[in-house]
Amino acid sequence: MLRARSINHPGRRQLKGWQLTALVGVVGALGVAGCSSSSSTSSASTSTSTSTSSPSSGTSAAAGSATSGSIVWSASPITTNSHGDTRTTLITAFNKVYPNIHVTLVSAPTNTDTNRATLATEISGGSSTPDVFMGDVIWPAQFGAHQLAVPLSNYLPASYWAQFAPGLVAGASYKGQVYGSPLFEDQGFMYYRKDLLAKEHLSPPTTWEQLQSEAAQLQKAGLVKYGFVWQGASYEGLTCNFMEYLASAGGTATNSGYTAATLDSPAAIKAVTFMRGLITSGVTPAAISTFQEPQAMAVFQTGQSAFLRNWDYAYSASISPAAGGKLTASQVGVEPMPTFAGEPTPGYSNIGGWNMYINPHSKNTAADLTFIKFLASPTAQTILAADYGEIPTTLAVRDAATTAALNPVFAIVSKTKLVPRPAGTPNYPALSTAIYTNVNAALAGSTSPSAAMAAAQSQANTALTTTSGGL
């Protein structure tokens, strides 16, 4: 991007403007909340989804005309490049198919929390605009619980939801209803130095243990200063990172109904113990407990580390001088996330991204649905992928050979597995805070992994039982 991601929601990628090497000159604005956010169904992604995940029948009648009228779309800036502003490009494409539906774009704040607060105030006050809005992947429970978004599954059938990559619809659901239609996605990837691995006759790691061993070997050989960098600061990005280790260890953050935490578990302790071990072994710098995306990105793209966990923009950022990259395409590889030894490969990538939502007070729900369905169409999804470097959410475009050929990241998207954050509760902000503050304490060495998870369990249970509702 240069997307100005909110520090509270790292799924918003800060350097999204360089996802495609052909788009080096991009000036971006906002990112995916990727940590907010693949493609094979997983037990981890199922267990962290809603307890009743089957969408409604989609038989409700929508008000207004499906082929004419005026709607207002609130959307934060996505990317601007030689193709223009992503949002206006999509509107233009939509009007070629539906010329009688006029879409007015309202540019929303780039900070996801400011955006959320603004929308909550407007909609709770009864405003009929915006009719449709682009929102974070971690909003469905909060907006659904407070009647700030329409249950889209009341209007759209199961066949509509079946077109999306597994994990995305579960993450857009709350209490058995789907509130968000996936627009574009982000997820975690493992980046590595192909040239350094080749010098030591090493293969890209498929397990966390292999990654740690290879990183240490590259350091010992004097080929690189740091082995592996990631996001370990006390913020939302650490929840994203932790969920990947936790899922690979077979754990979950809560029970399926989001009524109780499951963080004080052998799997969670294993995950945090390994994360802390990366630091104590010297493979990961001790300062990782202060690293967000920009710090980890800067270390890798300037050639100081062998491995990097980051979002999909990181490949192009690594090799684009305009983004600060000092590496070349021949030096940078990308793979699905590793898993723990003995577990099925690959590991899990945390979901970030943006969904489309409808205002319950909208006067033309039928036109809103027409617009949302168009944004999930092959036409719109191809625009997002080919022209703007966004990971498409529909399988037809996501898994297409033409999409895979766009860049090395897209080439492996279909091979990854997704795990959402435990955002199926309206109290997710407090739940996430309980996770990242305690994991960070363990990373910093101020508490043990077991004590950290015991504290996280207690604080998470308090968060889950509060009546504040997350807003």
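Model, not experiment: these values are computed from the prediction. (Residues numbered from 1 in each chain as written. Predicted model: local features only at pLDDT ≥ 70, side-chain atom pairs only at ≥ 80, totals over all residues. Heavy atoms only, no water.)

Asker: What am I meant to see in the environment of Pro130 here?
Answerer: Topologically, Pro130 is positioned in the loop between helix 3 (112-124) and strand 6 (132-136). Distance in space between the C-alpha atoms of Pro130 and Ser362 is 7.5 Å, their sequence separation being 232 residues. (Helix = DSSP H or I, 4+ residues; strand = E, 2+ residues; numbered from the N terminus.)

Asker: For this particular structure, what's the right way to read helix 10 (residues 266-280)?
Answerer: Between its first and last C-alpha atoms helix 10 spans 20 Å; for 15 residues at 1.5 Å apiece the expected length is 21 Å, and the two agree. When helix 10 is considered as a whole, its buried residues turn out to be Ala267, Ala268, Ala271, Val272, Phe274, Met275, Gly277, Leu278 and Ile279. Against the buried residues of helix 10 lie helix 8 (208-220), strand 11 (226-229), helix 9 (236-248), helix 18 (428-444) and helix 19 (449-465). Downstream of helix 10 by one or two residues, Gly282 has phi in the positive range, about 90 degrees. (Expected span 1.5 Å × (residues − 1). Buried < 20%, exposed > 50% of the residue type's maximum accessible area, 1.4 Å probe, protein only. Contact = heavy atoms within 4.5 Å.)

Asker: Any chance you could explain the packing of aromatic side chains here in plain terms?
Answerer: Pairs of aromatic rings are described using the distance from one ring centre to the other and the angle between the two planes. What the rule picks out here adds up to 21 aromatic pairs. We note Arg309 situated over the ring of Trp311; from NZ or CZ to the ring centre the distance is 4.2 Å. Of note, Lys417 hangs over the ring of Tyr348, and the distance from its end group to the ring centre comes to 4.6 Å. (Phe/Tyr/Trp six-rings, centres within 6.5 Å; stacked < 30°, edge-to-face > 60°. Lys NZ or Arg CZ within 6 Å of the ring centre and 35° of its normal.)

Asker: So what exactly am I meant to see when it comes to the side chain of Ser181 here?
Answerer: As for its placement among the helices and strands, Ser181 is situated in strand 9 (residues 181-187). Ignoring sequence-local partners within four residues, the contact set of Ser181 consists of Leu152, Tyr160, Trp161, Phe164, Asn355, Met356 and Ile372.

Asker: Please explain the sheet that holds strand 12 (residues 305-310) as it appears in this structure.
Answerer: In a beta sheet, neighbouring strands are held together by backbone hydrogen bonds and run either parallel or antiparallel to one another. As summarised here, the arrangement of the four strands in space is 11-12-10-13, forming an open sheet in which the pairing is mixed. Every other strand in the sheet has two partners, leaving strand 11 and strand 13 (332-335) as the edge strands with one partner each. On average, each strand axis in the sheet is tilted by 15 degrees relative to the strand beside it, whichever way the strands run. With three bridges connecting them, strand 11 and strand 12 associate as parallel partners. By the bridge assignment for strand 12, Val229 is matched with Leu308. (Pairing = 2+ DSSP bridges. Axes fitted to C-alpha atoms, helices over the stretch in contact; angles between N-to-C directions.)

Asker: Could you clarify how one ought to interpret the environment of Leu263 in this entry?
Answerer: Checked against the element boundaries, Leu263 lands in the loop between helix 9 and helix 10. Put simply, Leu263 and Ala253 are 10 residues apart on the chain and 5.3 Å apart in space, counted from C-alpha to C-alpha. In this structure, Leu263 is in contact with Phe242, Thr252, Ala253, Ala268, Ile435, Met453, Ala456, Gln457 and Ala460, ignoring residues within four places of it in sequence.

Asker: Explain the pattern of salt bridges to me, please; I cannot follow it from the model alone.
Answerer: Note that side chains of opposite charge can pair when their charged atoms are close. Tallied over the entire structure, the rule returns six salt bridges. In this structure, Arg193 engages Asp195 in a salt bridge whose closest nitrogen and oxygen atoms are separated by 2.8 Å. When sorted by exposure, Arg193 lands in the same class as Asp195, which is buried. The residue Glu244 makes a salt bridge to Arg309 at a minimum N-O spacing of 2.8 Å. Taken together, the residues span a long stretch of sequence, with Glu244 in helix 9 and Arg309 in strand 12 at a distance of 65 residues. Here Arg309 falls in the buried class, since its relative accessible area comes to 1%. (Salt bridge = Lys/Arg side-chain N within 4 Å of Asp/Glu carboxyl O.)

Asker: Which parts of the structure should I look at to understand the nonpolar core?
Answerer: A general tendency of soluble globular proteins is for nonpolar side chains to be buried together. If you look at the biggest cluster of nonpolar residues, it comprises 92 residues, and the most contacted ones within it are Tyr191, Trp208, Phe228, Phe242, Tyr245, Phe307 and Val439. If near-sequence neighbours (up to four positions away) are discounted, Trp208 is found in contact with Met190, Phe228, Tyr245, Ser248, Phe274, Met337, Pro338, Thr339 and Phe340. Within the second largest apolar cluster, 37 residues are counted, among which are Trp73, Val103, Ala367 and Ile383. (Core = buried A, V, L, I, M, F, W, Y, C linked by side-chain atoms within 4.5 Å.)

Asker: Quick question: what am I supposed to make of the packing of helix 2 (residues 86-97) against helix 14 (residues 378-387) here?
Answerer: Packing of helix 2 against helix 14 brings their axes to within 10 Å, and their N-to-C directions diverge by 155 degrees. Relative to helix 14, the element helix 2 is oriented roughly antiparallel. Note that helix 2 runs across helix 14; the crossing there is right-handed. In this structure, helix 2 uses Thr86, Thr89, Leu90 and Ala93 to contact helix 14, whose residues at the interface are Ala380, Ile383 and Leu384. Of the residues belonging to the contact of helix 2 with helix 14, the class tally is five nonpolar, two polar and no charged. (Parallel < 35°, antiparallel > 145°, perpendicular 65-115°, else oblique. Left-handed = near helix turned anticlockwise from the far one by under 90°. Nonpolar A, V, L, I, M, F, W, Y, C, P; charged D, E, K, R; others polar.)

Asker: Explain the environment of Ala456 here, please?
Answerer: Here Ala456 shows up in helix 19. Once residues within four sequence positions are removed from consideration, Ala456 is found in contact with Leu263, Ala434 and Asn438.

Asker: Is there a simple way to explain the confidence of the model for the chain in this structure?
Answerer: Low-pLDDT stretches of the model should not have their predicted coordinates read in fine detail. The predicted model of the chain has a mean per-residue pLDDT of 89, with 87% of residues at 70 or higher. The low-confidence segment residues 1-34, where pLDDT is below 50, has 181 contacts with residues more than four positions distant or belonging to other chains. Throughout residues 36-55 the model reports pLDDT below 50, and contacts reaching past four residues in sequence, or to other chains, amount to 73 contacts. (pLDDT = per-residue confidence, 0-100.)

Asker: In this structure, what is going on with the pairing of strand 2 (residues 69-75)? I would like to understand it.
Answerer: For a regular strand, the rule is simple: side chains alternate between the two faces of the sheet. Burial runs high along strand 2: five of the seven residues are buried. Strand direction decides the pairing type here: strand 2 and strand 5 (residues 101-107), joined by seven bridges, are parallel. Pairing of Val72 across the sheet is with Thr104, part of strand 5.

Asker: When you look at unusual backbone geometry in this model, what are you seeing that I'm missing?
Answerer: Across residues other than glycine, the phi torsion is negative in most instances, and most of the peptide bonds are trans. That bond from Thr129 to Pro130 is cis: its omega, 0 degrees, falls within 30 degrees of zero. Of note, the bond from Thr345 into Pro346 is cis; its omega dihedral lies within 30 degrees of zero at 0 degrees. Position of Pro346 among the secondary structure elements: in the loop between strand 13 and strand 14 (348-358). Phi is positive for Lys175, close to 50 degrees, though the residue is something other than glycine. Locating Lys175 in the fold gives a position in the loop between strand 7 (173-174) and strand 8 (177-178). Lys175 sits in the exposed class, given a relative accessible area of 62%.

Asker: Would you mind showing me how to read the packing of helix 9 against helix 18 here?
Answerer: When two helices pack together, you describe them by how their axes are tilted relative to each other and by the distance separating the axes. Running from N to C, helix 9 and helix 18 point in directions that differ by 80 degrees, and their axes come no closer than 8 Å. By the criterion of interaxial angle, the relationship of helix 9 to helix 18 is roughly perpendicular. Residues Glu236, Leu238, Thr239 and Phe242 of helix 9 touch helix 18, and the partners they reach there are Tyr428, Ser432, Ile435, Tyr436, Val439, Asn440 and Leu443. When grouped by side-chain class, the residues that make up the contact of helix 9 with helix 18 number seven nonpolar, three polar and one charged.

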